[in-house]
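Chain and residue survey
The chain contents come next:
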Amino acid sequence: MAEHESLEFGKADFVLLDSVSLDEFMANLKLRFEKGRIYSYIGEVVVSVNPYRAMNIYGRDTIEQYKGRELYERPPHLFAIADAAYKAMKRRNKDTCIVISGESGAGKTEASKYIMQYIAAITNPSQRAEVERVKNMLLKSNCVLEAFGNAKTNRNDNSSRFGKYMDINFDFKGDPIGGHINNYLLEKSRVIFQQEGERSFHSFYQLVKGAPDAQLRSLHIQRDPTAYTYIKVGGQIKSSINDSADFKAVTDAMKVIGFTTEEIQTVYKILATILHLGNLKFGSDGDVTLIENSKLVSVLGDLLSTKDENVEKALLYRTVATGRDVIDKQHTHQEASYGRDALAKAIYERLFCWIVGRINDVIEVKNYDARVHGKNTVIGVLDIYGFEIFQNNSFEQFCINYCNEKLQQLFIQLVLKQEQEEYQREGIPWKHIDYFNNQIIVDLVEQQHKGIFAVLDEACMNVGKVTDEMFLQALNGKLAKHAHYTSRKLSPTDKNLEFDRDFRIRHYAGDVVYSVVGFIDKNKDTLFQDFKRLLYNSSNPVLKAMWPEGKLSITEVTKRPLTAATLFKNSMISLVENLASKEPYYVRCIKPNDVKSPLLFEHERCKHQVEYLGLLENVRVRRAGFHLLCYIMLVMKQGCGFEHDVAYGKTKVFIRTPRTIFSLEEQRAEMVKRIVLFLQKVWRGTLARMRYRRMRAALIIIRAYRRYKVKSYIREVNRRFKNVRGMKDHGKHVKWPTPPKVLRKFEEALRNIYNRWWAWTLIKDLSPEEMVQIRAKVATLECLKGQRADLGLQRAWEGNYLVSKKDSPGTASSFTLVSSDLQRKDKFMRVLFSCNVRKINRFNKAEDRALLITDRHLYKMDPVKLYKPMKSIPLYNVTGVSISPGKDQLVVFHTKDNRDLIVCLQGMVPAGDSRIGELVGTLLSHFKSANHDNSTTPFNCSASSGHLRTEQPA
């Protein structure tokens with residue numbers, strides 16, 4: 001059921017009325033209208049009452065409330081029925097249609113626009129540009145068709161004067177991809193005549209009041225609707241319609257849809273042509289018919305892009321073929337006026353059909369292959385004229401009311417009849433509900449040989465002059481005994497009918513009196529071939545394309561064209577077949593009053609509409625078959641005292657009165673709390689188990705994947721490094737594989753192991769002396785890497801350079817003797833480093849000296865005095881060494897007593913040979929060896945004041 005509204009608003013669903021009667025129905029409908037609730041349900045049918053005011057119930061927030069909801073989850077609304085049709089199309093892959101019915105002014109056109117707006121709003125969540133383009137064009141097409149197909153009537157300011165059925169095509173994802181529009185029976189007689197208080201089509205007034213001055217001048221149009229005979233009556237009517245703003249909106253919409261500038265200009269030229277045609281006046285000079293205001297002929301020639309003389313000839317003469325001869329037969333004054341009006345109506349109708357076709361060319365689905373793109377589903381929206389009863393009802397009203405009979409028949413077949421047949425299928429001995437089956441009226445109109453259309457066509461085909469009175473006589477002869485037809489001849493005492501003019505049909509919506517005046521001409525829909533050739537021979541390609549039949553020569557024999565009645569009957573039969581093939585949804589529109597008041601609810605006016613729409617019968621059938629969900633069956637099965645008010649079908653439970661429904665609803669509300677808790681418990685447990693299974697599966701997969709990655713990495717490392725022992729560089733060129741994240745620390749350790757092994761392979765065959773030198777070089781690299789450009793790592797380190805004849809070719813023997821004496825005296829084991837230096841004292845005085853470093857002392861010697869020792873510093877007194885980063889090879893030995901020794905290494909052979917690295921490395925290596933049991937490094941490297949400083953811990 002519908003979401004519960006407060007009882008102050010009445011019953012949201014008429015099925016829930018306490019008793020089914022017309023008075024109860026009308027009282028509930030009036031209450032809801034007065035409370036601002038314009039929508040109600042009859043089961044799944046929406047009843048809409050025109051509010052005659054703007055209502056804030058169509059915005060984005062409201063759309064979100066109905067999106068994806070079931071029909072009865074929210075209060076009654078057009079959006080609910082639109083969403084139900086969309087869901088049926090998308091979920092079940094079914095073609096659906098929404099049939100909007102009601103009389104003129106009941107709000108059908110607005111309802112169709114809101115349904116289109118809703119469908120556009122809920123589709124294309126991914127905002128695909130092509131889908132947005134299609135949606136925009138579908139919406140803009142409404143604007144254009146309303147301008148050229150709608151008019152202000154005494155009942156409605158925006159009355160559709162044509163029938164429209166639009167198919168919207170959707171792809172398999174439910175997004176609109178195109179559409180197609182069918183139009184039915186444009187009321188073209190409105191072009192030349194309107195009843196008092198009404199206007200012609202909006203397009204004429206939009207052109208006159210909204211077009212720029214320059215455009216009006218080019219069309220020879222004045223900005224005054226009363227200056228033109230065809231629209232003069234409507235031009236005097238004050239209206240809330242803003243024709244000037246609408247002109248711009250329509251022009252912009254045509255551009256968006258894809259009309260070219262030339263096509264739009266041609267459209268307005270045709271409108272101007274019709275206005276000028278209406279001002280043409282014919283006169284007579286004896287037997288010759290003349291055009292009194294002949295200046296308009298050149299204006300028409302300019303607008304139609306044809307020669308003036310051809311325009312004048314087509315208006316005044318008719319070309320007739322008699323055997324082999326072709327003659328020009330001049331029109332009488334009456335024939336010329338008839339031809340002018342027929343031309344105006346035909347041009348406008350052809351223009352309207354061309355506009356519809358042009359829109360279809362743009363919005364139709366192209367290059368869609370169901371095998372590639374999936375099934376193409378459709379939602380159809382039917383917005384067609386409602387039942388009409390005027391003071392003077394002619395051929396157009398007859399066709400319109402026949403159309404409504406066909407749609408009512410469809411409604412009966414697909415809703416009411418289906419419902420009662422369902423009771424029989426369920427095996428329920430339900431009370432029969434009578435309803436008016438209007439098949440008898442449909443047959444009265446369309447039956448072959450006997451129907452009104454058949455009699456009308458037969459009259460039009462007769463040779464010789466056939467009048468409307470003769471057609472009425474034929475009807476009286478064929479239908480004299482029909483219960484739903486009468487005329488003054490058949491009912492002589494009925495003074496509401498005129499002799500030889502009127503006949504009455506008892507429609508499902510009420511009795512309607514039709515005047516036969518004009519039936520024959522309107523059914524023949526005659527337009528002289530001269531006009532068709534005139535327009536076909538236009539130099540305007542757009543206008544020429546509208547009249548392809550104009551290319552036929554006057555002597556060519558053509559088939560008799562189908563009459564207007566036959567064409568309309570065939571289109572209605574095709575429409576009903578199309579609708580019947582889809583899953584239908586219904587919107588029944590009601591007009592509350594004739595004065596467009598938002599406050600007035602005219603009881604008799606609305607009662608008449610409720611009766612002819614068959615709403616009460618619909619309620620009775622729905623009430624008889626109202627069924628609930630299966631869990632209510634369980635409640636009743638348990639025994640709640642409702643057995644007398646229900647019947648059990650094969651698959652459904654049928655409930656007779658609303659009180660039983662409400663009682664069951666109260667019990668259901670009590671049970672729902674427990675049911676919800678139980679369902680929550682079960683569902684939460686299910687979710688928890690599902691999450692656990694997913695997490696466990698994910699963990700198993702992750703573990704297996706990690707094992708796979710670890711094994712793959714180890715296998716790859718093994719593959720790359722298994723032959724490194726035989727490689728020349730022992731695998732140094734081999735690229736390491738990228739490890740998985742979990743093995744990054746392992747990879748670091750593995751690289752260290754490999755590097756140690758690689759280093760071991762290089763040094764395992766070295767002598768002890770070479771090992772000492774290697775250790776010293778490693779110590780130098782660790783301490784000074786990046787600090788000095790040349791560390792001397794590429795050459796062999798000799799250490800004791802003063803015994804070398806290269807550095808001291810003449811004094812090496814003297815140094816050897818002094819060195820031996822010092823060894824006996826100070827008991828040192830070996831010489832670490834010796835070199836010629838230049839000593840700098842605190843007075844910046846420089847002198848040549850020699851430096852000898854043993855494993856016990858540091859000696860400063862005088863090379864001039866045969867290397868006589870000048871100063872001896874125990875090594876344990878040396879606290880650090882500072883060196884410069886430049887090429888000067890400056891060295892500062894820091895001592896505990898702060899009497900630092902500053903020297904600069906010199907006398908190297910070859911010249912420029914750097915020995916700073918060797919000196920630092922030798923000292924570091926010695927102190928490391930001397931303190932191998934202590935984890936503290938004897939000397940630390942640091943930078944200070946632009947110099948490197950190597951310090952020994954205190």
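Every value quoted in this text rests on a predicted model; they were computed, and no experiment measured them.

Calculation criteria
- Residues numbered from 1 in each chain as written.
- Predicted model: local features only at pLDDT ≥ 70, side-chain atom pairs only at ≥ 80, totals over all residues.
- Heavy atoms only, no water.
- Helix = DSSP H or I, 4+ residues; strand = E, 2+ residues; numbered from the N terminus.
- pLDDT = per-residue confidence, 0-100.
- Contact = heavy atoms within 4.5 Å.
- Core = buried A, V, L, I, M, F, W, Y, C linked by side-chain atoms within 4.5 Å.
- Buried < 20%, exposed > 50% of the residue type's maximum accessible area, 1.4 Å probe, protein only.
- Phe/Tyr/Trp six-rings, centres within 6.5 Å; stacked < 30°, edge-to-face > 60°.
- Pairing = 2+ DSSP bridges.
- Patch = residues over 30% accessible without salt bridge, like charges linked within 9 Å, V, L, I, M, F, W, Y side chains within 5 Å.
- Areas by Shrake-Rupley, 256 points an atom, 1.4 Å probe, with all protein chains shown as cover.
- Salt bridge = Lys/Arg side-chain N within 4 Å of Asp/Glu carboxyl O.

As for its position among the elements, V717 is in helix α26 (residues 658–721). C-alpha of V717 to C-alpha of K735: the two residues are 18 residues apart in sequence and 9.5 Å apart in space.

In the predicted model, the protein chain carries a mean pLDDT of 86, and the fraction of residues at 70 or more is 91%. Here residues 627–635 is a poorly scored stretch, pLDDT under 50, and it has 13 contacts once near neighbours within four places are set aside; other chains count. Scored below 50 in pLDDT, residues 933–938 makes nine contacts in the model with residues more than four places away or belonging to other chains.

Before going further, it helps to examine the nonpolar core. Counting residues in each nonpolar core, the largest one holds 111 residues, and the members touching the most others are F148 and F204. Excluding residues within four positions of it along the chain, F204 makes contact with V191, I231, L271, I274, L275 and Y348. Within the second largest apolar cluster, 71 residues are counted, among which are V47, I452, I520 and I590.

With that settled, consider the packing of aromatic side chains. On inspection of all chains with the given rule, the structure shows 33 aromatic pairs. For the ring pair F79 and Y118, a centre distance of 4.9 Å and an interplane angle of 25° mean the geometry is stacked. With F79 in helix α3 (residues 78–91) and Y118 in helix α4 (residues 108–122), this pair connects stretches of sequence that are 39 residues apart. Just as F79 is buried, Y118 falls in that class too. Considering the side-chain rings of F721 and W736, the 4.6 Å spacing of their centres and the 45° angle between planes classify their relative orientation as tilted. A residue pair is termed long-range when its members are at least 10 positions apart, and F721 in helix α26 and W736 in the loop between α26 and α27 (744–763) qualify at 15 residues.

A few words now on the pairing of strand β7 (residues 176–184). In terms of strand pairing, strand β6 (residues 163–170) meets β7 through eight bridges, oriented antiparallel. When the sheet's bridge partners are listed, N169 is paired in β7 with G178. Turn length for the β6-β7 hairpin, with the two strands adjacent in sequence and antiparallel, is five residues, and the turn residue G174 shows positive phi of about 90°.

Moving on, we come to a nonpolar patch on the surface. Taken together, the side chains of I675, F678, L679 and V682 make up a nonpolar region of the molecular surface, amounting to roughly 350 Å² of accessible area. Summarising the element assignment, V682 is placed in helix α26. Since its relative accessible area comes to 37%, V682 is described here as partly exposed.

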